[in-house]
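Fold and contact review
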Amino acid sequence: MNAVKRFRLAAALLVLSAVGGVLSAVRILAAGSAGLPPVQGAEEMGGPPFWAGLMFFALAVAGLFGAYGLWKGQRWGKVVAIVACTVNAVFAAGDVLGAVMVGSLPMGVLMTTSVLGHLLVIGLVLWRERAAAPATVVA
Amino acid sequence: MSGARPSGDGSDLPPAPQRWDSDALLSGGLLAGLLTGYAALVYIAALIAGTWLMDQPQDAARPPLWLNLSALAAVAATILPVARWLREGVHDIVYAQHDDPYALIGKVNAALQHMVKEQTTLPAVVRMVAADLRLPYVVIETAARGRAARPATNASIDVAIDATRATSPATTPATTPATVAVGRPLAGAPLHRIPITYLDRPMGTLLAGARAAGRSLSPRDQSLLGDIARQLAIALYAAQLTQDVRASRERIVAAREEERRRIRNDLHDGLAPTLSSLQLQLGAIQRLMRDQPDKAERIADDLRTSLQGATSEIRRLVHDLRPPMLDAFGLVGAVRQLYDEEGDIAFDVRAPDPMPALPAAVEVAAYRIAGEAIHNVIRHSGAKRCWVRIDVGGDGSDGSDRSDGTDGIDGVGDLRIEVRDDGTGFPADRPIGVGTVSMMERAAELGGTLVLENVAGAGARVVARLPIVPLRPGTEREPWSP
C-alpha cells in the first residue's frame, strides 16, 4: 500500500471516529450540566461530566480537521491526527476498563474497537516504507 | 567523505539542527505525547488483564502493588523498541518534505533549466535541497571529463577516449571534478551516496548526510534524492554537451583558419615564386628566341621542368584538401592503396559490397584514420598480418545488425573502421604521439569515438566509429563502384 492510500485509509477511519465522537459529545452536551444518568451497575461512578462533552466535541472536531489534512497529505494533518488519536485512544482504553469493571460487554467491545481503530490510524500515519532506494549508505 | 568542503563562508549553510527550533519542539512534543499515550494504554491494558485475573472488577479502581509493578514492567520492557519505531515515524513526518515532495523537484528543475554555469547553479541547488529536506549536509560532486585510462601492467595498454565528450587532450583540456557542499555532516550520521548518471555515463555523485546520528534517511527521502539526481544528471550532461559544442566550434574555426594559413603559405611560398619564375623565363625566351635560339631552347627546357614542379605542387595542395584516391577508387579502394600488397605484412581488407554513399567529411576522416593506423602497423608493430574491417551500422531502428552487436552512435548510423594486427601491441609507456592525436581529432570533429587497445594474446587494435549524418536532399551520391 503506498503512502497516499495509507493516509486516505487513515483519514477515512478518523472521520468515522470523529463522527462517533461528535455524536457522543452532542449527547452529553444536550443533557446539559445535569449530565447523563450513570451506567447501569455503576451508579456510584456517576454519569459523564459536562466538560467531558466539551472535550469530546473538541477532539472530534480536531479529528475531522486532521482527517482532512491527512487526505490532502499535509504535515499538519498528520500531526493533528496523531494527537487526536492518541488522546482518543487513551480515553477509549479508560472506557474499556470502566466497561470491564461494570461488566458491560457491548460497551467493552465498542471501546476496544475504538482503541484499536485509533491505534491503527496512528500506525498508518507513522508507517515507514521499506522500499528499495537508489542510494547507498557510505558512512 | 574526504575532499568535500563547504563552498561558502557559512552564510549559505542550511538550517543547522538547533536544540530548540520549531521542528525539534514539534518532533519532541509528538514523541513525548505518543510515548505517554503508549504508557497509559499499556497500564490500562495491564489493569484490565489484572481485573480479569482477580475476578473482582471493582478492585481495578484500587489496583494492588503487584499489578502496578506488572504494568510498569510491561511498559519498561516494550518502551524502547516502540520509542524507536515512533521516533522514526515522527522524524519522517516532521523533517521529511512529505506535503509536496515533488515541489522540490520542480524547484530544482527550474533552477537547472536556467543553468548558465555549473559553478553558480549547483550551489543554489545544493542549498535548495538542504533547506527543503532539512538535511544538515548535502554535496554534489561532478565527475572529471576527458579521462584516458592507462593500464597498470606492462602487458597491454588500453586508451579509451570518448571523442564525443572528451575530444583530444591536445586541444581541449579535461575538466577537473568539482565539489559543491553546504553544511557539515553530523557526527555519526550516515552519508547517503546517490550516483548521478546519464546514459550510463557517470556525471557525478549526490551526497546527503542523515539528520541524526545512527539513523539513515527514509526510503522516501532517498527516492526523492534519486529523482533529484536524475534531474541533475540531465542538466549536467546538457551543460557538458554545450561546453563540448562550444569547444568544438572553436576548434573548427581554428582548424579552418589554420588550413587557410597553410594554403596561403603554400601558394605564397611555393606556387607564387614558381609562377613568377615561369613569367621571367617566358620573358627571357621571348627576348632570345630570335637572336639566340639555342639559349632560348635551354631556357624552354628549364621552363618545362618548372611547370612540372608547379603541377606537382598543385597536386599536393589538392591532395591535402581531399585525397584524390577517394574519388578515383572510393574509400575501400583508397584504403587498399595505402599498403604494398607485395610487402612483408599480409593485409586483409573487408567492407560492405557495395559500399554505401558516405558524407565527404566521414569518408576523408575514415581514410585519414585508416591511413595513420596502417602506417603505424607497417612501421612500428612488427606484425605479419593486418585486418582492416569497414562496417556501416544502422541506428538500430531499422533492424540492421552488425557482427559486433553495436548500433549507431546516438541514434544515427555510423561508420566503423577497425585496424587490427598481430604484432607486439602498444607499449605500455608509449606517449600519445602526433599521429594518435590527429586520429582522435578527426574522430572528435565528427562526434565519433576512437579506441586504441591491445588485443588479448597478441597485437593491437584501433577502432574508430564515426556517426553518419544523413546527406541533405540533393547531395546524395550513388554508392561507389569502380
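Placed above this text is the structure.
I will try to describe carefully the structure that is included in this document.

Cut-offs and rules
- Residue positions are given per chain, counted from 1 along the sequence in the order it is written.
- Starting at A for chains and at 1 for ligands, labels are handed out in the order in which the entities are written.
- The predicted nature of this model means local features are confined to residues of pLDDT at least 70 and side-chain atom pairs, given and counted, to a pLDDT of 80 or more, with totals for whole chains, interfaces and linings taken over all residues.
- Each helix is a run of DSSP H or I of at least 4 residues and each strand a run of E of at least 2, with the numbering of both proceeding from the N terminus.
- Exposure classes come from backbone-placed C-beta atoms, where a residue is buried if 20 or more other C-beta atoms lie within 10 Å of its own, exposed if 12 or fewer do, and partly exposed in between.
- With C-beta atoms placed from the backbone, a contact is any residue pair whose C-beta atoms sit within 7 Å.
- Here the expected span of a helix is defined as 1.5 Å times the quantity of residues minus one.
- Across the chain, bend at a residue is computed as the angle between axes fitted to the seven residues ending at that point and the seven starting from it.
- A pair of strands is considered paired only if DSSP assigns at least 2 bridges between the two.
- For the handedness criterion, the strands are oriented away from the viewer, and a crossover whose path from the first strand over the helix to the second runs clockwise is classed as right-handed.
- As used here, a nonpolar core is made of buried Ala, Val, Leu, Ile, Met, Phe, Trp, Tyr and Cys residues. They are joined through C-beta atoms within 7 Å.
- Note on geometry: axes are lines fitted to C-alpha atoms, helical ones only across the stretch in contact, with angles between N-to-C directions running from 0 to 180 degrees.
- The labels follow the angle: roughly parallel below 35 degrees, roughly antiparallel above 145, roughly perpendicular from 65 to 115, and oblique for the rest.
- Take the far helix as the reference: if the near one is turned anticlockwise from it by less than a right angle, the crossing is left-handed, and if turned clockwise, right-handed.

1. Describing the overall build of chain B
Broken down by element type, chain B carries nine helices and 10 strands. The 482 residues of chain B split such that 31% are buried. Partitioning the contacts of chain B with sequence separation of at least 6, the portion at a separation of at least 24 is 72%.

2. Describing the overall build of chain A
Counting secondary structure elements, chain A contains four helices and one strand. What you see in chain A, going N to C, is helices and strands ordered as α-α-α-α-β. A fraction of 64% describes how many contacts in chain A between residues 6 or more apart in sequence connect residues 24 or more apart.

3. As for helix H7 (residues 324-336) of chain B
Residue and element names in this part refer to chain B. Between its first and last C-alpha, H7 extends only 14 Å over 13 residues, short of the 18 Å set by a 1.5 Å rise per residue. At Gly330, H7 shows its largest bend, some 115°. Those residues of H7 lying buried are Leu326, Gly330, Leu331, Val332, Ala334 and Val335. Elements that come into contact with the buried residues of H7 comprise strand S6 (346-350), helix H8 (360-381) and strand S7 (385-393).

4. Focus on the pairing of S6(B)
Residue and element names in this part refer to chain B. Both S6 and S7 contribute to a ladder of five bridges, which runs parallel. Bridging from a neighbouring strand, Asp348 pairs with Trp387 of S7. Tracing the backbone out of S6, into H8 and back to the parallel element S7 gives a crossover that is left-handed.

5. Focus on the nonpolar core
Ala10(A), Leu14(A) and Ala81(A) are the most contacted members of the largest nonpolar core, which has 57 residues in total. Residue assignment for this core shows that the elements contributing at least two residues are helix H1 (3-31), helix H2 (50-71), helix H3 (75-102) and helix H4 (105-126) of chain A together with helix H1 (22-54) and helix H2 (65-95) of chain B. Among the elements that make up this core, the one with the highest residue count is H3(A) (18 residues). If we ignore the near neighbours within four places in the chain, the residues touching Ala81(A) are Ala10(A), Leu14(A), Gly66(A), Ala67(A), Leu70(A), Val121(A) and Val125(A). Listed in part, the 36 residues of the second largest apolar core include Val332(B), Ala366(B), Ala373(B) and Ala460(B).

6. Considering the packing of H8(B) against helix H9 (residues 434-445) of chain B
All names here are of chain B. As a packed pair, H8 and H9 sit with axes 9 Å apart at the nearest point and diverge in direction by 160°. Taken together, the axes of H8 and H9 are roughly antiparallel relative to one another. Every pair of crossing elements has a handedness; the one defined by H8 and H9 is left-handed. Each of Ala365, Arg368, Ile369, Glu372 and Asn376 in H8 lies in contact with H9, whose residues at this interface are Gly435, Ser438, Met439, Arg442 and Ala443.

7. What about unusual backbone geometry?
Residues Asp353(B) and Pro354(B) are joined by a peptide bond in cis, for which omega reads 5°. With respect to the element layout, Pro354(B) can be found in the loop between S6 and H8.

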